[in-house]
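Examining the three-dimensional arrangement
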Amino acid sequence: MPGCADSPVRVLVSVSPRLREQFFPDPAALLALGDVRLVDDHRALPESLPGTDVLVTSWGTPPLTAALLDRAPGLRLVAHTGATVKPFVTGELWARGIRVTQAGAAMARSVAEVALTFTLALLHQVHRFDHALRSGLPWETAERAPARREILGCPIGVIGASRTGQAYLDLVRALGAEVSVADPYHDGAVELDELLSTSRIVAVHAPALPETRHLLGARELALMPDGAGLVNTARSWLVDEAALLAELRTGRLDAAIDVFDEEPLPVGHPFRGLPNALLTPHQAAGTDSGRARQGRLVVEEIARYAGGVPLEHEVTPDLLERMG
């Protein structure tokens, strides 16, 4: 029986070939779990589900509704290769005793390193120098950047002590930053307004919840000191994009952004032409080592399930309410 010690499991991996190569560069550990079947396209999921004990999911998985789950009466575990499971997890899973786990912990380091890269770039005005030189400005004009600062002793505010937030905190503290945190579940946290008004860099790592929608709007952004920088590798949900654009157009603030309301970001979007905006196309977690770590975590969770060992990254209904 699935979930009992050392029992083989019937695993359905619904992951595109491109992502599968990244998550499982050496598929031996995955294939050793039991009867493993591969689905290249989520649209084939309904026909592929029968006879499945464990479903491995990735981005784009359709909602796991009652009609879909009826096709897999033996399903007992959903293991997601990414972080958030909200787009496809439904209450029907738990009503049927199906457990859920995810690989968000494996993504934290990659995203935190990009947030650190953004932080250093904003402090040293790398984005402005790059934009000036690429746009054809004379050397003498390009070198006239705003004041540059080091991370040593820099006041950095972190909104959200999530897994990624904690990984980012470890990195910036190791480099000598003076850190404050705004998070209702974090000991020693400060109020958001205080953090915004006293930080040179504000890094957003909060979850996307109803109460965090546009957590940073025009009023909050106006609290940030002149010359401060905003780093967002979390969700665009957290920042009022129109308000941020208005602030950036004044030149008062800088921003480094990996996530946007509209993705792909349109070619003509005004963010693209701003010298004080550093942009990446939602790729903060996309390192080779990070992707392979996500795959290993999923394999390890499935092995725990098959061996009757408690899962280490299980998502419960209560936990889902506080997750992004």
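All figures in this text were calculated on a predicted structure; none of them were measured in a lab. (Residues numbered from 1 in each chain as written. Predicted model: local features only at pLDDT ≥ 70, side-chain atom pairs only at ≥ 80, totals over all residues. Heavy atoms only, no water.)

What follows deals with the overall build of the protein chain. Helix and strand content of the protein chain: 14 helices and twelve strands. Taken against the 2.2 N^0.38 rule, which gives 20 Å for 324 residues, the C-alpha radius of gyration of the protein chain at 22 Å falls within 12% of a compact globule. Within the protein chain, the proportion of its 324 residues that are buried is 47%. Pairs at least 24 apart in sequence give 65% of the contacts found in the protein chain among residues at least 6 apart. A total of about 15000 Å² of accessible surface is found on the protein chain, and carbon and sulfur atoms cover 55% of it. Side chains of the protein chain carry 30 positive and 40 negative charges; the gap between the two charge centres is 3 Å. (Helix = DSSP H or I, 4+ residues; strand = E, 2+ residues; numbered from the N terminus. Rg over C-alpha atoms; globule rule 2.2 N^0.38 Å. Buried < 20%, exposed > 50% of the residue type's maximum accessible area, 1.4 Å probe, protein only. Contact = heavy atoms within 4.5 Å. Areas by Shrake-Rupley, 256 points an atom, 1.4 Å probe, with all protein chains shown as cover. Lys, Arg positive; Asp, Glu negative; His and termini not counted. Charge placed at Lys NZ, Arg CZ, Asp CG, Glu CD.)

Pairing between strand 6 (residues 155–159) and strand 7 (residues 178–182): five bridges, direction parallel. Its bridge partner being in strand 7, Pro155 is matched across the sheet by Glu178. Following the backbone out of strand 6, through helix 9 (residues 163–174) and into the adjacent parallel strand 7, one traces a crossover that is right-handed. (Pairing = 2+ DSSP bridges. Right-handed = clockwise from strand over helix to strand, strands pointing away.)

This part is about the UniProt feature "domain: D-isomer specific 2-hydroxyacid dehydrogenase catalytic" (unreviewed entry) in the protein chain. UniProt records the feature "domain: D-isomer specific 2-hydroxyacid dehydrogenase catalytic" (unreviewed entry) at residues 42–315, using the numbering of this structure. Between the end C-alpha atoms of residues 42–315 there is a gap of 22 Å, over a span that is 36% helix and 14% strand. (UniProt positions renumbered as here; feature names shortened; annotations may be inferred.)

Let us now look at the pattern of salt bridges. Summed over all chains, the structure comprises 15 salt bridges. For the salt bridge of Asp254 with Arg128, the shortest nitrogen-to-oxygen distance reads 2.9 Å. With a gap of 126 residues between them, Asp254 in strand 10 (residues 254–257) and Arg128 in helix 7 (residues 126–134) connect regions that are remote in the sequence. For the residue pair Asp254 and Arg128, the accessibility class agrees, reading buried in each case. The shortest N-O distance in the salt bridge between Arg134 and Asp130 comes to 2.9 Å. Of the two residues, Arg134 and Asp130 are both situated in helix 7; the distance of four residues between them amounts to about one turn of the helix. Three or more residues joined by partner-sharing salt bridges are found here, namely Asp70, Glu92 and Arg96. (Salt bridge = Lys/Arg side-chain N within 4 Å of Asp/Glu carboxyl O.)

This brings us to the UniProt feature "domain: D-isomer specific 2-hydroxyacid dehydrogenase NAD-binding" (unreviewed entry) in the protein chain. Sites flagged by UniProt as "domain: D-isomer specific 2-hydroxyacid dehydrogenase NAD-binding" (unreviewed entry) map to residues 117–284. As a span, residues 117–284 carries 33% helix and 15% strand, and end to end its C-alpha atoms are 10 Å apart.

Let us look at unusual backbone geometry. Cis geometry marks the peptide bond from Glu263 to Pro264; its omega dihedral reads 0 degrees. Its location among the elements puts Pro264 in the loop between strand 10 and strand 11 (277–279).

Counted by the stated rule, this structure contains three aromatic pairs. Seen in terms of ring centroids, Phe23 and Trp59 are 6.0 Å apart; in terms of plane orientation they differ by 35 degrees. Their pairing is tilted. Here Phe23, found in helix 1 (residues 17–23), pairs with Trp59, found in the loop between strand 3 (54–57) and helix 4 (66–69); they are 36 residues apart in sequence, far enough to count as distant. The exposure class assigned to Phe23 is buried, which follows from its relative accessible area of 1%. On the basis of relative accessibility, which here comes to 39%, the residue Trp59 falls in the partly exposed class. (Phe/Tyr/Trp six-rings, centres within 6.5 Å; stacked < 30°, edge-to-face > 60°.)

Across a sheet, paired strands are connected by hydrogen bonds in the backbone, their directions being either parallel or antiparallel. Across the sheet, which stays open at both edges, the six strands sit in the order 7-6-8-9-10-11 with parallel pairing between neighbours. On the outer flanks of this sheet lie strand 7 and strand 11, each paired with one strand and no other. Strand-to-strand twist of the sheet, defined as the mean angle between neighbouring strand axes without regard to direction, takes the value 15 degrees. (Axes fitted to C-alpha atoms, helices over the stretch in contact; angles between N-to-C directions.)

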